[in-house]
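# What the coordinates show
Chain by chain, the residues run as shown.
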Amino acid sequence: MLKRMISGLLLLGSASLALAASDKPLTIVVPTAAGGGNDAMARTIGQKLGAILNQTVIVDNKAGANGAIAAELVARAAPDGNTIMFGYVATHAMNPALQKLRYDPVTSFEPIGRVGYSPTLMVINPAVKAKDVKELVAMLKATPDKFSIASAGNGTAPHFAAELFKIATQTNPLHVPYKGSAPAITDTIGGQTQIMFPSLFTALPYVKSDKLKAMAIAGAKRSAALPNVPTLKELGIDGVEVDQWYAFFAPAKTPKDVIVKLNAALNQVLADKETIARIEGHGADVESSTPEQLGELVKSDLARWKRVVQQAKLQAD
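The text that follows walks through the structure, step by step, so that each part is easy to find. None of these values were measured; they are calculated from a predicted model.

## Some details on the packing of aromatic side chains
Taken as a whole and assessed by the stated rule, the structure comprises seven aromatic pairs. On the numbers, 6.0 Å between centres and 20° between planes, the contact of Phe-86 with Tyr-246 is stacked. One end of the pair, Phe-86, is in strand E3 (residues 83-88); the other, Tyr-246, is in strand E10 (residues 243-251), and 160 residues separate them in sequence. Classification of Phe-86 by relative accessible area gives buried; the value is 0%. Among the aromatic residues, ring-to-ring pairing joins Phe-86, Tyr-88, Tyr-246 and Phe-248 into one connected group.

## Comments concerning the pairing of strand E7 (residues 174-177)
Where a strand is regular, its side chains alternate between the two sheet faces. In the sheet, strand E6 (residues 148-151) pairs with E7 via four bridges, with the strands oriented parallel. Opposite Ser-148, over in E7, you have Leu-174 as the bridge partner. Of the crossover connections in this fold, the one passing from E6 over helix H6 (residues 157-169) to the parallel E7 is right-handed.

## Description of the sheet that holds strand E5 (residues 121-124)
Across a sheet, paired strands are connected by hydrogen bonds in the backbone, their directions being either parallel or antiparallel. If you walk across this open sheet you meet the five strands as E7-E6-E8-E5-E9, and the pairing is mixed. Of all the strands in the sheet, just E7 and strand E9 (213-217) have a single pairing partner and so form its edges. Of the pairings in the sheet, the one linking E5 to E9 comprises four bridges and is antiparallel in character. Paired with Val-123 across the strands is Ala-214, a residue of E9. Most of the contacts of helix H5 (residues 133-142) go to E5, to which it runs at about 60°, and overall it touches E5, strand E8 (195-196) and E9.

## Here we look at helix H9 (residues 256-270)
Given a rise of 1.5 Å per residue, 15 residues ought to cover 21 Å, and the 21 Å separating the end C-alpha atoms of H9 matches this to within 8%. Those residues of H9 lying buried are Ile-259, Leu-262, Asn-263, Ala-264, Ala-265, Leu-266, Asn-267, Gln-268, Val-269 and Leu-270.

## Focus: the sheet that holds strand E4 (residues 109-119)
Within the open sheet, the six strands sit side by side as E2-E1-E3-E10-E4-E11. Their pairing is mixed. At either margin of the open sheet sits one strand with a lone partner, and together these are strand E2 (57-61) and strand E11 (285-286). Pairing analysis gives two bridges linking E4 to E11, with the strands arranged antiparallel. What sits directly across from Tyr-117, in E11, is Asp-285.

## Here's the deal with empty space enclosed by the protein
Taken as a whole and assessed by the stated rule, the structure comprises three cavities of 30 Å³ or more. Looking at the largest cavity, its volume works out to about 80 Å³. Broken down by class, the residue content of the lining of the largest cavity amounts to four nonpolar, six polar and no charged.

## Topic: the environment of Lys-146
Secondary-structure assignment places Lys-146 in the loop between H5 and E6. On the basis of relative accessible area, Lys-146 is assigned to the exposed category, the value being 58%. Along the chain, Lys-146 and Ala-161 lie 15 residues apart, while their C-alpha atoms are 20 Å from each other.

The rules behind these values
In this numbering scheme, every chain counts its residues from 1 along its sequence in written order. Per-residue local features of the predicted model are confined to residues with pLDDT of at least 70, and side-chain atom pairs are confined, for both listing and counting, to 80 or more; whole-chain, interface and lining totals are unaffected and use all residues. Hydrogens are left out, water is left out, and the side-chain values use all remaining heavy atoms of the structure. We call Phe, Tyr and Trp rings a pair once their centres come within 6.5 Å, taking the six-membered ring for Trp, and we label the pair stacked below 30 degrees between planes, edge-to-face above 60, and tilted otherwise. The secondary structure listing takes helices from DSSP runs of H or I that are at least 4 residues long and strands from runs of E that are at least 2 residues long, numbered from the N terminus. Burial classes follow relative accessibility: with a 1.4 Å probe on protein chains only, a residue under 20% of its type's maximum area counts as buried, one over 50% as exposed, and anything between as partly exposed. A pair of strands counts as paired when DSSP detects no fewer than two bridges linking them. Handedness rule for crossovers: strands pointing away from the viewer, path from the first strand over the helix to the second running clockwise, crossover right-handed. Any two residues having at least one pair of non-hydrogen atoms within 4.5 Å are treated as being in contact. Between N-to-C directions, angles cover 0 to 180 degrees, with each direction set by a line fitted to C-alpha atoms, over the stretch in contact for helices. Multiplying 1.5 Å by the residue count of a helix minus one yields the expected span of that helix. In this analysis a 1.4 Å probe is tested at points of a 1 Å grid over the protein atoms alone, and where it fits but cannot get out there is a cavity; an open set with protein on both sides within 12 Å along at least five of seven lines is a pocket; lining residues have an atom within 4 Å of a point. Grid points are joined across faces, edges and corners, and a volume is the space filled by probe spheres set on the points. Each residue is assigned to one class: nonpolar for Ala, Val, Leu, Ile, Met, Phe, Trp, Tyr, Cys and Pro, charged for Asp, Glu, Lys and Arg, and polar for all the others, Gly among them.

Read these as spatial facts, not as claims about activity.
See the structure below:
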C-alpha cells in the first residue's frame, strides 16, 4: 500500500521550487554498483530532479567498503548542494552499528528526505531442491558445507538478515560478502552462492523471470507484490524482520535553504505518478518525509541496530 507524507512545501508549485541554473551538475553518489536496486531507484529519481532543479544530474556509483567509500566521499564534499548521497539503512544505520567508520551517520550529513522502503526477501537458486523454508533449514543442518549466503557486503541489510536467520534457525552456512547487491544477485543466480536476502526491490525482476525462487519475506508482513510468499514469522522463525529504507543526504553544514529546496524538489518527484509506478513496480513503497523526520529515523534505526549487534554478537567478517 502506498504511503505518502508529502511535505507542505510541495504546495508551493513546481515553478517556485526550481533553483537558478547552476554551472555545476548535481552529482548523486550511489554506494552500490550499477545495476542494483539502489542504483535503479537513484537514476529514476535523478532524472526527474534534474528537470525540477534546472541542473544536469550525474549518478556516480562508488561501491566498496559496504557503502563507506560513498559516504566518506559525500561527507567530505563541499556543502553547496551539488553533491548528495543516495543513502539507505545500511550506510546510515547498520554498517555504523557494526563497525567504526570514518564518518558519522548523524553528524557528517544533513538529511534531505526519505524516498521509500522495501521489505527484505529470502531467495534461493532454483537448483536448490527445497520446496519451502522448513526443508531448506533441514538441508542446511544436514549438509552445511554445501550452502553459502551472499550479501551486498558486511553491515548491509542482506548481511544482517542472513546473520539473524542463522541465529534463529541455528544453522551456519558460509557468509559471502560482495561489493553490492548486483554482483551478489548475479552469483546467486549463477549458483556460486545459493541463498540471499536482498531487498524485494532488487530481487523482484529475477523472481518474476524464475531466475530466483522466493522463499519468505524477512519482514513484519507479506508484500502485495508477492502475496503468496509468507513471512518468516508465519513459518515459526522469529526475529528476522529487516525493512530497507532509502533516502537522500547532503554533507554536513549544507545551508538550510538549500536543504529545504532539495527536499521540496524530491517530494515533488515522489508525487509524480510515473515515478511512483516505476518504484512500486519493483516492489518498493514510496514514502517521503521532511529533513527532520529523516534525521529522527536515522537516530532511531542506528540505536536499534546497535542493540541487535550487541545482543546477537555480530561481527564484520
